[in-house]
Amino acid sequence: MIKKIKYLPLLTLLASCQSAEKVKLEQYYIGGKEIFEKNCANCHQKDGKGLQNLYPPIAGSDYLDDKSKVITAIKYGLVGELKVNGKTYNQPMPANTHLQNLDIAEVVTYIYAEWRNETAVTSVEEVEKALKNK
Ligand code: HEC
């Protein structure tokens, strides 16, 4: 017991380093879920499965292969034909110009954690970069 206590400060330090990233992921996930349910779930549904031929799924979507395309789609919306998993959709998606880069980072983090099992946070810098390179 006494021996263990000797290492406690080091262990606590290590644990807190790891959990800083985890805490951030949790914060982004929770914030992102709220943003998704408020701004996206009307069309894409809470479970991300989309709605018939009108709204494509986010869950299992091959469109998620390119994260920067997802970021610009959220910010500026989409028009014209779009293929998701081989199926063609053609309804406009409205822009979300009211969402700040942090909001977009959070909702993208949520989407990739929920439907791609990604454990990394999508940072505000990543969002800025994607929007700049559009
Ligand atoms: C009014 C309905 C509507 C809302 C609200 C909406 N979308 Fe969409 N979304 C669409 C439609 C329709 C498309 C397909 C666009 C096309 O056919 O060009 C689409 C396409 C997408 C795509 C690319 C295709 C796919 O399914 O992977 C992503 C990613 C996406 N939306 C994410 C979001 C996110 C995140 C939000 C909320 C911030 C959101 N959408 C809000 C209707 C909507």
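Quantities reported herein were computed from a predicted structural model and do not represent experimental measurements.

**Looking at the coordination of the iron atom of the ligand**
Thinking step 1. Within the protein, the iron atom of the ligand binds to His44 (NE2) and Met93 (SD); these donor distances fall in the range 2.0 to 2.2 Å.
Thinking step 2. Coordination at the iron atom of the ligand is octahedral: its six donor atoms span angles of 86 to 179° at the metal. Here the residue histidine 44 occupies a position in helix α2 (residues 41–44), and methionine 93 occupies one in the loop between β2 (87–89) and α4 (101–116), the gap between them amounting to 49 residues.

**Some thoughts on the site of the ligand**
Thinking step 1. Around the ligand, 26 residues are found, and the nearest of them are Cys40, Cys43, His44, Gly80 and Met93.
Thinking step 2. Residue proline 57 places a main-chain N or O atom 2.6 Å away from an oxygen atom belonging to the ligand.
Thinking step 3. Contacts to the ligand include glycine 80, whose backbone N or O atom sits 2.6 Å from an oxygen atom.
Thinking step 4. Those elements that provide at least two residues to the shell around the ligand are α2, α3 (67–76) and β1 (82–84).

**Details of a nonpolar patch on the surface**
Thinking step 1. Nonpolar side chains collect at one region of the surface, where Tyr7, Leu8, Leu10 and Leu11 lie side by side and expose about 420 Å² of accessible area between them.
Thinking step 2. You can see leucine 10 is positioned in helix α1 (residues 2–39).

**Quick notes on the nonpolar core**
Thinking step 1. Counting residues in each nonpolar core, the largest one holds 29 residues, and the members touching the most others are Phe36, Ile71, Ile74, Ile104, Val107, Val108 and Ile111.
Thinking step 2. Those elements that place two or more of their residues in this core are α1, α3, β1, α4 and α5 (124–132).
Thinking step 3. Here this core gets eight residues from one element, more than from any other, and that element is α4.
Thinking step 4. Among all residues touching phenylalanine 36, those that are not within four sequence positions of it are Ala41, His44, Gln45, Lys46, Ile58, Val107, Tyr110, Ile111 and Trp115.

Calculation criteria
- Residues numbered from 1 in each chain as written.
- Predicted model: local features only at pLDDT ≥ 70, side-chain atom pairs only at ≥ 80, totals over all residues.
- Heavy atoms only, no water.
- Donors = N, O, S within 2.8 Å, 3.2 Å for Na, K, Ca; no water.
- Tetrahedral: all angles 85-135°; square planar, octahedral: opposite > 155°, others 65-115°.
- Helix = DSSP H or I, 4+ residues; strand = E, 2+ residues; numbered from the N terminus.
- Near = heavy atom within 4 Å.
- Polar contact = N/O pair within 3.5 Å; in protein donor to acceptor, adjacent residues only side chain to side chain.
- Patch = residues over 30% accessible without salt bridge, like charges linked within 9 Å, V, L, I, M, F, W, Y side chains within 5 Å.
- Areas by Shrake-Rupley, 256 points an atom, 1.4 Å probe, with all protein chains shown as cover.
- Salt bridge = Lys/Arg side-chain N within 4 Å of Asp/Glu carboxyl O.
- Core = buried A, V, L, I, M, F, W, Y, C linked by side-chain atoms within 4.5 Å.
- Buried < 20%, exposed > 50% of the residue type's maximum accessible area, 1.4 Å probe, protein only.
- Contact = heavy atoms within 4.5 Å.

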